[in-house]
Amino acid sequence: MTWDIIRDSTVGQLINSVSAGRFLPYPDQQKDYVVPERYLLSVSKVVDDAATLNEAVPSTKPSSDANTLVNAEGVIKPTDVDVEKAVAQAPLTVAPTAEYQYLVTWDGPEDPANPRNWSRSKRIFVAFLISFLTFSVYIGSAIYTPSIPGLMEEFGVGLTSSTWGLTLFVLAYGIGPMFLAPLQEMPRFGRTPVYIIGLFLFTVLQLPAIFAKNMSTVLAMRFLTGFFGSPALATGGASMVDIFSLQALPVAIGTWSMGAVSGPVLGPVIGGFAAQHKGWRWTFLELIWISAFAFVVLALFLPETMGETILLRKAQRLRKLTGNPLLKTEAELARPDGESVVSVAWENFVMALRLSLEPALLFSHVYIGIVYSIFYLWFEAFPLVFTDIYHFNLGVSGLPFLGFVVSGVITFTLYVLYQKYHVNMRYARNPNTPPEIRLELALFASFFPPISVLLFGWSAQYHTHWIVPIIGAALYLPGIFLLFQCILLYVSSGYPKHAASIFAGNDLFRSTLASFFPLFGRALFVRLGLGGGSSLLAGLSVLMIPLLYLLFRYGAALRQRSKFTEA
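Calculation rules
- Residues numbered from 1 in each chain as written.
- Predicted model: local features only at pLDDT ≥ 70, side-chain atom pairs only at ≥ 80, totals over all residues.
- Heavy atoms only, no water.
- Phe/Tyr/Trp six-rings, centres within 6.5 Å; stacked < 30°, edge-to-face > 60°.
- Helix = DSSP H or I, 4+ residues; strand = E, 2+ residues; numbered from the N terminus.
- Buried < 20%, exposed > 50% of the residue type's maximum accessible area, 1.4 Å probe, protein only.
- Lys NZ or Arg CZ within 6 Å of the ring centre and 35° of its normal.
- Salt bridge = Lys/Arg side-chain N within 4 Å of Asp/Glu carboxyl O.
- Core = buried A, V, L, I, M, F, W, Y, C linked by side-chain atoms within 4.5 Å.
- Contact = heavy atoms within 4.5 Å.
- pLDDT = per-residue confidence, 0-100.
- Arc of directions from axis to C-beta.
- Axes fitted to C-alpha atoms, helices over the stretch in contact; angles between N-to-C directions.
- Parallel < 35°, antiparallel > 145°, perpendicular 65-115°, else oblique.
- Left-handed = near helix turned anticlockwise from the far one by under 90°.
- Nonpolar A, V, L, I, M, F, W, Y, C, P; charged D, E, K, R; others polar.

1. Quick notes on the packing of aromatic side chains
Point 1. Taken as a whole and assessed by the stated rule, the structure comprises 35 aromatic pairs.
Point 2. Seen in terms of ring centroids, F125 and F301 are 6.3 Å apart; in terms of plane orientation they differ by 80 degrees. Their pairing is edge-to-face. Taken as a pair, F125 in helix α5 (residues 120-142) and F301 in helix α12 (residues 281-301) lie far apart in primary sequence, 176 residues in all.
Point 3. On the accessibility criterion, F125 (28% relative accessible area) is partly exposed.
Point 4. Relative accessible area serves as the criterion here: at 27%, F301 is assigned to the partly exposed category.
Point 5. Between F363 and Y367, the ring centres sit 5.6 Å apart and the planes meet at 35 degrees, which makes this aromatic pair tilted. With F363 and Y367 both in helix α16 (residues 359-389) and four residues apart, this pair spans about one turn of that helix.
Point 6. The ring of W282 carries the charged tip of K278 above its face, separated from the ring centre by 5.6 Å.
Point 7. Between R553 and the ring centre of Y554, over which it is positioned, the NZ or CZ distance is 5.2 Å.

So this is what it looks like as structure tokens:
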């Protein structure tokens, strides 16, 4: 497993390419490899193709007696006949891929190159790497908050101006996937190169922020790093889809989501003490250390997970090996002229907006956006409670975020058991079970946000022990985690053909909404009080519960009326 992973990683691909397959070779690059007959371009096949295309293709027997694959007897060299030109000039389109005789596919249903056939340990390892990638980028949002007092003091800016560093980062990783995620859906790029290049830029662009001479430079770098790090946050779930079966997918995506949730939660914990004792620049240094370590590990060990990209690279090697330019994958046949990055990005953006007008999806975007936005308000509320009321210092004031970790571990464990012993068994009994069953757990989870916010806000008083508001805040994690999982799984299974556009639209909506909440968070709690501000947020959460029930009750009818689903 180890050599396969290294070979398929970014570093391994470079080594393989530079050495022309001598180092870290694929099976089709080894001397004892036997090319399947269906991939060989023989004289008789060319004549048959020419007759089919009504095109005269001369056949010339190779003159060389060399016993090589490209020059073997009965196999036409690429220079003998311009087959690609003949096919391109033919007055008819390529036959369906099921009938195309030079189609490059997996070598049988058990082909180990297929990500779905990887060993269990390999899939778990790759899932861990993707979760670690997501954590390494996502932590960049909240690790910034302990540096706000130092930025205010050094650059002489106000709280709102310095808080824009958090806002721009969150906003950027909502906008970024609309432009970068489409690249990962194009087989010629795949997922891993975009991850690695984005992570490299994310790491390097921390340096200008560290040496910044003004606040504008810090804000500009915050936006750029959020933008280039966004693919990990938007399409990590797609990587899980690549390697796990539909039955295991909810748990796999849940595991990836825990990496995403852990980032903002642990950010203030990791950055607090550094900012207190070493200054605000050390939070950025810590972020460089984390992301640089992630870059090295992922560049060495993260393989490509997109099946279409793996097959495309296989077809390129086989074309070089056999001299058969007609070897194509399904993706190449579907788009013979290739894909324009701009057109794909624009198509993705338009589709995401059109889908957002669907009643079920519009509600899902709004609800997730509100839950997500309230979560980011903790970064403004925690200093008011634990610094102003309980007099924690800057470093210690980040430790209450560990309450989210405790409740997160418990929630994830119970969620896995729920999927295994309830949802999977229901689908086993009835494969046609409607996707609305995903919302049953969401209805239960919807009560956690208002309870959490009320307990946190009204218990935060000097005569109440500090553990009570920590418990109140920790109760928010089951709500946000389960609502995310249930609603996003519902919309992806209810609208399966447009899942990628739905996720991109949801990411854009929730990130845009959440990015602006921290700007007025402190003013909200100062003017209304912690209890009053919390009551307002709890009331907003409660208003969404009846709407969630209506979606659960009438979601199937909405999907039947939709032109975007066949349900």
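2. Topic: the pattern of salt bridges
Point 1. Using the criterion set out here, one finds 13 salt bridges in the structure.
Point 2. Between R7 and D4 there is a salt bridge, with the nearest N and O atoms lying 3.8 Å from each other. With R7 and D4 both in helix α1 (residues 2-8) and three residues apart, the pair spans about one turn of that helix.
Point 3. For R7, a relative accessible area of 12% puts it in the buried group.
Point 4. In this structure, R281 and E154 form a salt bridge, with 3.1 Å as the shortest nitrogen-oxygen distance. Residue R281 is found in helix α12, and its partner E154 is found in helix α6 (residues 148-155); the two are separated by 127 residues along the sequence.
Point 5. For R281, a relative accessible area of 25% corresponds to the partly exposed category.
Point 6. Each member of the salt-bridge network shares a partner with another, and the members are D4, R7 and D8.

3. With respect to the nonpolar core
Point 1. By size, the foremost hydrophobic cluster in this structure holds 118 residues, and its most contacted members are V218, M240, Y376, W378, F404, Y476 and L548.
Point 2. If sequence neighbours within four positions are ignored, Y376 has contacts with Y138, S141, L166, V170, Y173, P264, A514 and P518.
Point 3. Formed by twelve residues, the second largest nonpolar core is a distinct cluster that contains L103, V104, L318 and L326.

4. Thoughts on unusual backbone geometry
Point 1. Positive phi, close to 50 degrees, is recorded for L24, a residue that is not glycine.
Point 2. Within the secondary structure layout, L24 lies in the loop between α2 (10-18) and α3 (43-52).
Point 3. Backbone geometry at H391 places phi at a positive 60 degrees, although glycine is not the residue there.
Point 4. Examined against the element boundaries, H391 turns out to sit in the loop between α16 and α17 (402-429).
Point 5. Given a relative accessible area of 63%, H391 falls into the exposed group.

5. Looking at the confidence of the model for the chain
Point 1. Residues of the chain with pLDDT of at least 70 account for 89%, and the chain-wide mean is 85.
Point 2. Scored below 50 in pLDDT, residues 50-68 makes 24 contacts in the model with residues more than four places away or belonging to other chains.
Point 3. Confidence drops under a pLDDT of 50 for residues 70-98, and excluding neighbours within four residues, the segment shows 50 contacts in the predicted structure.

6. Brief notes about the side chain of T167
Point 1. Take T167: it is sitting in helix α7 (residues 159-184).
Point 2. Residue class for T167 comes out buried when judged on its relative accessible area of 0%.
Point 3. Residue contacts for T167: discarding those within four places in its chain leaves S515, F516 and L519.

7. A closer look at α6
Point 1. Listing the buried residues of α6 in full gives I148, L151 and F155. Along the axis of α6, the buried residues cluster in a sector spanning 60 degrees; they form a single face.
Point 2. Where α6 is buried, its residues touch α7 and α10 (215-243).

8. Quick word on the environment of F392
Point 1. Here F392 shows up in the loop between α16 and α17.
Point 2. Residue classification places F392 among the buried residues on the basis of a relative accessible area of 17%.

9. Notes on the packing of α7 against helix α15 (residues 341-356)
Point 1. Two elements in contact, α7 and α15, have axes separated by 9 Å at closest approach and are oriented at 120 degrees. Here α15 runs oblique to α7, going by the angle between their axes. Of the two elements, α7 crosses α15, and the hand of that crossing is right-handed. For the pair formed by α7 and α15, the contact residues are P177, M178, P182 and L183 on the first element and V341, V344, A345, N348, F349 and A352 on the second.
Point 2. Of the residues that constitute the contact of α7 with α15, the class distribution is nine nonpolar, one polar and no charged.

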